[in-house]
Structure formats: structure tokens, C-alpha cells
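Each chain, letter by letter, is given below.
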Amino acid sequence: MKIRGKPAKVFKIRNRKGYAAICCNNITEGRSSAMACARMEKALLRKPKRG
């Protein structure tokens, strides 16, 4: 699956309710796979922190 043109992986979380999405060193959780993808899109829009 691709989110914003970048490869992403969505999977069911063991021992918990819901799904998770991993992309570009970010992880998000949601009750459904669609919700996890939507949250990941928002996470990818954020600017990286300087540090």
C-alpha cells in the first residue's frame, strides 16, 4: 500500500483492538485500517522537528 507516494504497511495489532500503519519511521493507530491510513496521511504532512 502507498500513502502519499511512499510505501506503507497496515496490519492488525495483536492483543489490542484496531490496526496500525507504519511509513517513513512513523507509526499510527486506528480502530480500522482506513482510520490508521488517514492518521498516517496527517502525520506525513507534519514538518520534521529540528534537533
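Rules used throughout
- Residues numbered from 1 in each chain as written.
- Predicted model: local features only at pLDDT ≥ 70, side-chain atom pairs only at ≥ 80, totals over all residues.
- Heavy atoms only, no water.
- Salt bridge = Lys/Arg side-chain N within 4 Å of Asp/Glu carboxyl O.
- Helix = DSSP H or I, 4+ residues; strand = E, 2+ residues; numbered from the N terminus.
- Buried < 20%, exposed > 50% of the residue type's maximum accessible area, 1.4 Å probe, protein only.
- Disulfide = S-S within 2.5 Å.

Peer 1: Would you take a moment to explain the pattern of salt bridges for this structure?
Peer 2: Two side chains bearing opposite charge may form a pair once their charged atoms approach each other closely. Counted under the stated rule, the structure contains one salt bridge. Here Arg16 and Glu29 are joined by a salt bridge, their closest N and O atoms 3.3 Å apart. Linking Arg16 in the loop between β3 (9-12) and β4 (19-23) with Glu29 in strand β5 (residues 26-30), this pair joins segments that are 13 residues apart in sequence. Since its relative accessible area comes to 37%, Glu29 is described here as partly exposed.

Peer 1: When you look at the state of the cysteines in this model, what are you seeing that I'm missing?
Peer 2: Two cysteines form a disulfide when their sulfur atoms are joined by a covalent bond. Going through the model one piece at a time under the given rule, you end up with zero disulfides. In this model Cys24 remains outside any disulfide bridge; the closest cysteine sulfur is found in Cys23, 3.7 Å from its own. Free of any disulfide, Cys37 has its nearest cysteine sulfur in Cys23, 9.6 Å distant.

Shape is all these values report; function is a separate question.
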